[in-house]
Amino acid sequence: MFLKSPEDLSVKVVNQFSRMNLLQQFCPTTRSMILFKNFKYIFIQTPRSKSTSKKAYALGSEARELTRLGIQHDLFSKRTNLLYKNANISEGGTILDVGCGPGFTTLELATMVGKNGEVYAMDECLKSLSTLSKRAQSHGWRAKTFCRLEHDKHGDIILCGKNVTDIESWRMFQKNPVDAVFVRWLLTWLQHSDVIRMHDFMSFCVKPGGKVAILDYFNVATFNVTSPSLKNNQSPIHWKYLCNILIEEWNRVGDPNVASYVPQLLNERGFKVHEVEPLALIIRPTDELWEWPTTYFKTQAKRLVDSKVINDEHFIEKFEKEWNDISKNEVAWYCPPVMATVIGERL
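Owing to the predicted nature of the structure, the values given are computational and were not obtained by experimental measurement.

The subject of this paragraph is the overall build of the chain. Along the chain, the regular secondary structure elements total 12 helices and 13 strands. The buried share of the chain, taken over its 347 residues, is 53%. A separation of at least 24 residues holds for 76% of the contacts in the chain among residues at least 6 apart in sequence. Here the chain displays about 16700 Å² of accessible surface, and carbon together with sulfur accounts for 51% of that area.

See below:
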(Lines give C-alpha, C1' and ligand atoms only; values in the text may rest on other atoms or scores of the structure.)
Protein backbone atom coordinates (compact mmCIF):
# COMPACT_ATOMS: atom_id res chain seq x y z
CA MET A 1 0.00 0.00 0.00
CA PHE A 2 1.45 3.37 -0.99
CA LEU A 3 0.35 6.40 0.99
CA LYS A 4 0.40 9.57 -1.08
CA SER A 5 -0.02 11.88 1.88
CA PRO A 6 -0.05 11.70 5.69
CA GLU A 7 -3.81 12.30 5.64
CA ASP A 8 -4.28 8.93 3.87
CA LEU A 9 -2.86 7.14 6.90
CA SER A 10 -5.96 5.85 8.68
CA VAL A 11 -6.21 4.91 12.33
CA LYS A 12 -6.61 1.31 11.21
CA VAL A 13 -3.30 1.41 9.38
CA VAL A 14 -1.54 3.03 12.35
CA ASN A 15 -2.83 0.28 14.63
CA GLN A 16 -1.91 -2.43 12.15
CA PHE A 17 1.60 -1.18 11.64
CA SER A 18 2.92 -0.42 15.08
CA ARG A 19 6.32 0.16 13.51
CA MET A 20 5.19 3.73 13.03
CA ASN A 21 6.46 4.35 16.58
CA LEU A 22 9.84 2.93 15.59
CA LEU A 23 9.89 5.15 12.54
CA GLN A 24 9.14 8.21 14.64
CA GLN A 25 12.02 7.29 16.90
CA PHE A 26 14.49 6.99 14.03
CA CYS A 27 13.13 9.77 11.82
CA PRO A 28 11.11 12.14 14.02
CA THR A 29 9.68 14.33 11.27
CA THR A 30 6.20 15.73 11.46
CA ARG A 31 5.08 14.78 7.95
CA SER A 32 6.20 11.82 5.87
CA MET A 33 5.17 9.24 3.30
CA ILE A 34 5.54 5.60 4.21
CA LEU A 35 5.74 2.61 1.88
CA PHE A 36 4.85 -0.59 3.75
CA LYS A 37 5.81 -3.92 2.24
CA ASN A 38 5.88 -7.14 4.24
CA PHE A 39 5.96 -5.08 7.43
CA LYS A 40 9.07 -3.20 6.29
CA TYR A 41 9.16 0.46 5.38
CA ILE A 42 10.96 3.00 3.31
CA PHE A 43 11.02 6.53 4.66
CA ILE A 44 10.63 9.46 2.28
CA GLN A 45 10.78 12.95 3.72
CA THR A 46 8.23 15.50 2.54
CA PRO A 47 7.55 19.13 3.55
CA ARG A 48 7.21 19.45 7.32
CA SER A 49 4.59 21.28 9.28
CA LYS A 50 4.83 25.04 9.45
CA SER A 51 7.91 26.12 11.33
CA THR A 52 7.82 28.34 14.35
CA SER A 53 10.75 30.19 12.81
CA LYS A 54 10.45 30.78 9.09
CA LYS A 55 14.02 31.84 8.42
CA ALA A 56 16.77 29.39 7.50
CA TYR A 57 20.31 29.70 8.84
CA ALA A 58 21.26 33.24 7.85
CA LEU A 59 24.76 32.40 6.60
CA GLY A 60 23.48 29.77 4.15
CA SER A 61 24.32 26.11 3.53
CA GLU A 62 26.39 26.38 0.36
CA ALA A 63 29.53 24.27 0.04
CA ARG A 64 31.80 27.21 0.86
CA GLU A 65 29.89 27.87 4.12
CA LEU A 66 30.09 24.21 5.13
CA THR A 67 33.83 24.30 4.42
CA ARG A 68 34.16 27.45 6.52
CA LEU A 69 32.29 25.79 9.40
CA GLY A 70 34.81 22.94 9.27
CA ILE A 71 37.71 25.37 9.54
CA GLN A 72 35.97 27.17 12.41
CA HIS A 73 35.38 23.87 14.22
CA ASP A 74 39.03 22.84 13.94
CA LEU A 75 40.29 26.18 15.19
CA PHE A 76 38.02 26.08 18.24
CA SER A 77 38.58 22.39 19.02
CA LYS A 78 40.36 23.02 22.36
CA ARG A 79 37.51 25.15 23.69
CA THR A 80 34.91 22.69 22.41
CA ASN A 81 36.72 19.74 24.01
CA LEU A 82 36.74 21.60 27.33
CA LEU A 83 32.99 22.11 26.98
CA TYR A 84 32.52 18.37 26.38
CA LYS A 85 34.53 17.63 29.55
CA ASN A 86 32.61 20.10 31.71
CA ALA A 87 29.31 18.73 30.42
CA ASN A 88 30.37 15.23 31.57
CA ILE A 89 29.99 13.68 28.11
CA SER A 90 30.93 10.07 28.79
CA GLU A 91 30.59 6.42 27.81
CA GLY A 92 27.02 5.19 27.38
CA GLY A 93 25.43 8.62 27.35
CA THR A 94 22.54 9.83 25.22
CA ILE A 95 23.27 13.27 23.77
CA LEU A 96 21.15 15.74 21.78
CA ASP A 97 23.26 17.88 19.43
CA VAL A 98 20.94 20.78 18.56
CA GLY A 99 21.66 22.77 15.41
CA CYS A 100 24.28 20.17 14.54
CA GLY A 101 24.89 21.47 11.00
CA PRO A 102 27.24 19.18 9.01
CA GLY A 103 28.01 17.26 12.20
CA PHE A 104 31.51 18.21 13.28
CA THR A 105 30.49 18.01 16.94
CA THR A 106 28.10 15.10 16.32
CA LEU A 107 30.84 12.70 15.26
CA GLU A 108 33.02 13.72 18.21
CA LEU A 109 30.14 13.24 20.65
CA ALA A 110 29.30 9.85 19.14
CA THR A 111 32.92 8.80 19.59
CA MET A 112 32.88 9.90 23.24
CA VAL A 113 29.68 8.03 24.20
CA GLY A 114 30.98 4.77 22.78
CA LYS A 115 29.16 1.72 21.46
CA ASN A 116 26.43 1.87 24.12
CA GLY A 117 25.65 5.55 23.60
CA GLU A 118 23.54 7.54 21.15
CA VAL A 119 23.69 11.02 19.64
CA TYR A 120 20.61 12.69 18.19
CA ALA A 121 21.64 15.19 15.52
CA MET A 122 18.90 17.81 15.09
CA ASP A 123 18.98 20.37 12.29
CA GLU A 124 16.44 21.86 9.90
CA CYS A 125 18.85 21.90 6.96
CA LEU A 126 18.66 18.62 5.07
CA LYS A 127 21.77 19.52 3.07
CA SER A 128 23.75 19.72 6.30
CA LEU A 129 22.34 16.39 7.52
CA SER A 130 23.22 14.79 4.20
CA THR A 131 26.78 16.06 4.59
CA LEU A 132 26.82 14.72 8.15
CA SER A 133 25.68 11.28 6.94
CA LYS A 134 28.34 11.13 4.23
CA ARG A 135 31.07 12.22 6.64
CA ALA A 136 29.96 9.66 9.21
CA GLN A 137 29.97 6.86 6.66
CA SER A 138 33.46 7.87 5.56
CA HIS A 139 34.53 7.38 9.21
CA GLY A 140 33.10 3.91 9.60
CA TRP A 141 29.44 4.47 10.43
CA ARG A 142 26.89 2.41 8.47
CA ALA A 143 23.39 3.49 7.51
CA LYS A 144 21.03 1.04 9.20
CA THR A 145 18.03 3.10 8.11
CA PHE A 146 17.52 6.38 6.32
CA CYS A 147 18.07 8.24 9.59
CA ARG A 148 20.13 5.93 11.80
CA LEU A 149 23.88 5.37 11.52
CA GLU A 150 25.69 2.61 13.42
CA HIS A 151 29.34 1.98 14.24
CA ASP A 152 31.18 -1.02 15.68
CA LYS A 153 32.98 1.04 18.34
CA HIS A 154 31.16 4.36 18.59
CA GLY A 155 27.65 5.53 19.40
CA ASP A 156 24.70 5.43 17.02
CA ILE A 157 23.82 8.70 15.27
CA ILE A 158 20.11 9.44 14.74
CA LEU A 159 19.41 12.19 12.20
CA CYS A 160 16.51 14.48 13.08
CA GLY A 161 15.55 16.77 10.19
CA LYS A 162 13.49 19.14 12.29
CA ASN A 163 12.93 22.78 13.14
CA VAL A 164 14.66 23.21 16.50
CA THR A 165 12.09 25.79 17.64
CA ASP A 166 9.05 23.55 17.04
CA ILE A 167 7.85 21.63 20.10
CA GLU A 168 6.96 18.66 17.89
CA SER A 169 10.69 18.20 17.30
CA TRP A 170 11.24 17.67 21.02
CA ARG A 171 8.24 15.58 22.10
CA MET A 172 10.09 12.29 21.66
CA PHE A 173 12.45 13.37 24.45
CA GLN A 174 9.66 13.96 26.97
CA LYS A 175 9.33 10.22 27.61
CA ASN A 176 12.98 9.49 26.86
CA PRO A 177 15.05 12.41 28.20
CA VAL A 178 18.73 12.67 27.34
CA ASP A 179 21.85 12.92 29.49
CA ALA A 180 23.05 16.14 27.87
CA VAL A 181 22.11 18.77 25.31
CA PHE A 182 24.90 20.40 23.31
CA VAL A 183 24.25 23.74 21.59
CA ARG A 184 27.01 25.69 19.82
CA TRP A 185 26.62 28.94 17.83
CA LEU A 186 22.88 28.35 17.31
CA LEU A 187 20.92 30.50 19.74
CA THR A 188 22.47 33.67 18.33
CA TRP A 189 20.62 33.04 15.03
CA LEU A 190 17.20 32.69 16.66
CA GLN A 191 14.57 35.29 17.54
CA HIS A 192 14.29 36.07 21.26
CA SER A 193 10.96 34.26 21.55
CA ASP A 194 12.48 31.15 19.97
CA VAL A 195 15.45 31.26 22.35
CA ILE A 196 13.00 31.24 25.27
CA ARG A 197 11.03 28.42 23.65
CA MET A 198 14.16 26.31 23.22
CA HIS A 199 14.99 26.70 26.91
CA ASP A 200 11.47 25.55 27.75
CA PHE A 201 12.05 22.45 25.62
CA MET A 202 15.45 21.73 27.19
CA SER A 203 13.87 21.86 30.65
CA PHE A 204 11.80 18.75 29.95
CA CYS A 205 14.16 16.78 27.70
CA VAL A 206 17.13 16.55 30.08
CA LYS A 207 17.30 13.96 32.86
CA PRO A 208 17.75 15.16 36.46
CA GLY A 209 21.49 15.57 36.88
CA GLY A 210 21.92 15.94 33.12
CA LYS A 211 23.71 18.90 31.59
CA VAL A 212 23.09 21.60 29.02
CA ALA A 213 26.29 22.87 27.39
CA ILE A 214 26.14 26.08 25.36
CA LEU A 215 28.75 28.11 23.48
CA ASP A 216 27.51 31.33 21.93
CA TYR A 217 28.02 35.07 21.53
CA PHE A 218 27.85 37.29 24.60
CA ASN A 219 28.54 40.86 23.43
CA VAL A 220 28.95 42.24 19.92
CA ALA A 221 30.38 45.59 21.02
CA THR A 222 33.99 44.41 20.68
CA PHE A 223 33.58 43.58 16.95
CA ASN A 224 36.46 45.46 15.30
CA VAL A 225 39.59 45.21 13.18
CA THR A 226 42.39 47.68 12.60
CA SER A 227 45.91 48.05 11.27
CA PRO A 228 48.71 50.57 11.94
CA SER A 229 48.70 51.26 8.20
CA LEU A 230 45.36 53.04 8.68
CA LYS A 231 45.24 56.61 9.97
CA ASN A 232 44.19 57.06 13.61
CA ASN A 233 43.48 53.31 13.98
CA GLN A 234 40.40 53.65 11.82
CA SER A 235 38.57 50.53 10.69
CA PRO A 236 39.15 49.53 7.05
CA ILE A 237 36.54 51.11 4.77
CA HIS A 238 35.34 47.98 2.98
CA TRP A 239 35.49 45.84 6.11
CA LYS A 240 33.43 48.42 8.00
CA TYR A 241 30.83 48.48 5.25
CA LEU A 242 30.64 44.67 5.26
CA CYS A 243 30.57 44.55 9.07
CA ASN A 244 27.66 47.00 9.27
CA ILE A 245 25.60 44.87 6.89
CA LEU A 246 26.42 41.68 8.81
CA ILE A 247 25.50 43.19 12.19
CA GLU A 248 22.27 44.63 10.79
CA GLU A 249 21.39 41.18 9.42
CA TRP A 250 22.42 39.52 12.69
CA ASN A 251 20.17 41.78 14.76
CA ARG A 252 17.31 41.26 12.34
CA VAL A 253 17.32 37.46 12.41
CA GLY A 254 18.79 36.80 15.86
CA ASP A 255 20.68 38.26 18.82
CA PRO A 256 24.49 38.73 18.90
CA ASN A 257 24.33 39.14 22.71
CA VAL A 258 22.23 36.04 23.42
CA ALA A 259 24.63 34.31 25.83
CA SER A 260 24.34 37.24 28.25
CA TYR A 261 20.87 36.11 29.34
CA VAL A 262 21.15 32.33 28.84
CA PRO A 263 22.19 31.74 32.51
CA GLN A 264 19.02 33.47 33.71
CA LEU A 265 16.83 31.44 31.33
CA LEU A 266 18.40 28.19 32.56
CA ASN A 267 18.08 29.18 36.21
CA GLU A 268 14.39 30.03 35.80
CA ARG A 269 13.75 26.56 34.33
CA GLY A 270 15.23 24.43 37.05
CA PHE A 271 18.90 24.34 36.08
CA LYS A 272 21.82 25.05 38.40
CA VAL A 273 24.33 27.11 36.42
CA HIS A 274 27.81 25.76 37.08
CA GLU A 275 29.78 27.72 34.51
CA VAL A 276 29.69 31.06 32.69
CA GLU A 277 33.14 31.43 31.16
CA PRO A 278 34.03 34.31 28.81
CA LEU A 279 35.88 33.76 25.56
CA ALA A 280 37.38 37.11 24.60
CA LEU A 281 39.93 37.12 21.79
CA ILE A 282 42.34 39.52 20.12
CA ILE A 283 43.68 37.82 17.01
CA ARG A 284 46.74 38.88 15.00
CA PRO A 285 47.70 37.87 11.44
CA THR A 286 50.53 35.72 12.82
CA ASP A 287 48.07 33.67 14.92
CA GLU A 288 46.64 30.38 13.72
CA LEU A 289 43.17 31.76 14.46
CA TRP A 290 43.61 34.47 11.80
CA GLU A 291 42.26 31.95 9.30
CA TRP A 292 38.90 32.16 11.10
CA PRO A 293 38.05 35.82 10.33
CA THR A 294 39.70 35.50 6.92
CA THR A 295 37.43 32.67 5.78
CA TYR A 296 34.40 34.20 7.52
CA PHE A 297 34.58 37.64 5.94
CA LYS A 298 35.54 36.41 2.47
CA THR A 299 32.71 33.86 2.51
CA GLN A 300 30.15 36.41 3.69
CA ALA A 301 31.28 39.02 1.15
CA LYS A 302 30.67 36.49 -1.63
CA ARG A 303 27.30 35.50 -0.19
CA LEU A 304 26.08 39.09 0.05
CA VAL A 305 27.27 39.96 -3.46
CA ASP A 306 25.69 36.79 -4.90
CA SER A 307 22.38 37.62 -3.18
CA LYS A 308 22.53 41.25 -4.42
CA VAL A 309 22.53 42.65 -0.89
CA ILE A 310 25.78 44.32 -1.98
CA ASN A 311 25.32 45.63 -5.51
CA ASP A 312 28.92 46.58 -6.24
CA GLU A 313 30.16 43.78 -8.52
CA HIS A 314 33.75 44.72 -7.69
CA PHE A 315 33.25 44.69 -3.91
CA ILE A 316 34.78 41.24 -3.39
CA GLU A 317 37.94 42.27 -5.21
CA LYS A 318 38.18 45.53 -3.23
CA PHE A 319 37.52 43.85 0.11
CA GLU A 320 39.94 40.98 -0.44
CA LYS A 321 42.73 43.40 -1.44
CA GLU A 322 42.09 45.43 1.70
CA TRP A 323 41.99 42.33 3.92
CA ASN A 324 45.11 40.85 2.33
CA ASP A 325 46.99 44.10 2.98
CA ILE A 326 45.93 44.00 6.63
CA SER A 327 46.95 40.35 6.88
CA LYS A 328 50.50 41.25 5.85
CA ASN A 329 50.90 43.58 8.85
CA GLU A 330 51.89 41.48 11.86
CA VAL A 331 50.72 44.10 14.37
CA ALA A 332 47.23 44.43 12.92
CA TRP A 333 44.49 42.86 15.03
CA TYR A 334 40.94 41.58 14.89
CA CYS A 335 38.63 41.44 17.90
CA PRO A 336 35.49 39.30 17.43
CA PRO A 337 32.37 39.64 19.58
CA VAL A 338 32.92 38.24 23.06
CA MET A 339 31.64 34.68 23.44
CA ALA A 340 30.80 32.63 26.52
CA THR A 341 30.37 29.00 27.51
CA VAL A 342 27.47 28.15 29.82
CA ILE A 343 26.94 24.85 31.67
CA GLY A 344 23.66 24.13 33.44
CA GLU A 345 22.68 21.03 35.42
CA ARG A 346 19.05 19.87 35.56
CA LEU A 347 17.94 19.67 39.21
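Any covalent bond linking the sulfur atoms of two cysteines counts as a disulfide. Under the criterion given, the structure shown has 0 disulfides. Cys100 provides the cysteine sulfur closest to Cys125, a residue in no disulfide bond, and the two sulfurs are 9.4 Å apart.

Attention now moves to the pattern of salt bridges. Applying the stated criterion to the full structure yields 14 salt bridges. The salt bridge partner of Lys144 is Glu150, with a shortest N-O separation of 3.6 Å. Within this structure, Glu118, Arg148 and Asp156 form a network of salt bridges that share partners.

Attention now moves to the side chain of Arg184. Relative to the assigned elements, Arg184 resides in strand 8 (residues 178-184). For Arg184, the side chain forms a polar contact with the side chain of His73, separated by 2.9 Å. A polar side-chain atom of Arg184 sits 2.8 Å from a polar atom in the side chain of Thr80.

Here we take up the pairing of strand 8. Burial within strand 8 is extensive, with 6 of its 7 residues counted as buried. The pairing of strand 8 with strand 9 (residues 206-219) spans 6 bridges and is parallel. Note that in strand 9 the partner of Val181 across the bridge is Val212. In the classification by handedness, the crossover that spans strand 8, the intervening helix 8 (residues 192-205) and the parallel strand 9 is right-handed.

Moving on, we get to the environment of Glu277. Locating Glu277 in the fold gives a position in strand 11 (residues 271-279). Residue classification places Glu277 among the partly exposed positions, given a relative accessible area of 40%. Along the chain, Glu277 and Leu215 lie 62 residues apart, while their C-alpha atoms are 9.4 Å from each other. Not counting residues within four places of it along the chain, the set of residues in contact with Glu277 comprises Arg79, Met339, Ala340 and Thr341.

Below, the discussion takes up unusual backbone geometry. At Trp185, a position not held by glycine, the phi torsion is positive, near 50°. Inspection of the secondary structure puts Trp185 in the loop between strand 8 and helix 8. Given the relative accessible area of 11%, Trp185 is considered buried. Here Lys308, not a glycine, exhibits a phi torsion of approximately 70°, which is positive. Inspection of the secondary structure assignment puts Lys308 in the loop between helix 11 (291-306) and helix 12 (315-327). Relative accessible area serves as the criterion here: at 61%, Lys308 is assigned to the exposed category.

Here is what the cut-offs are and how they apply
- Residues numbered from 1 in each chain as written.
- Predicted model: local features only at pLDDT ≥ 70, side-chain atom pairs only at ≥ 80, totals over all residues.
- Heavy atoms only, no water.
- Helix = DSSP H or I, 4+ residues; strand = E, 2+ residues; numbered from the N terminus.
- Buried < 20%, exposed > 50% of the residue type's maximum accessible area, 1.4 Å probe, protein only.
- Contact = heavy atoms within 4.5 Å.
- Areas by Shrake-Rupley, 256 points an atom, 1.4 Å probe, with all protein chains shown as cover.
- Disulfide = S-S within 2.5 Å.
- Salt bridge = Lys/Arg side-chain N within 4 Å of Asp/Glu carboxyl O.
- Polar contact = N/O pair within 3.5 Å; in protein donor to acceptor, adjacent residues only side chain to side chain.
- Pairing = 2+ DSSP bridges.
- Right-handed = clockwise from strand over helix to strand, strands pointing away.

The values reported here are purely geometric and, on their own, carry no functional implication.
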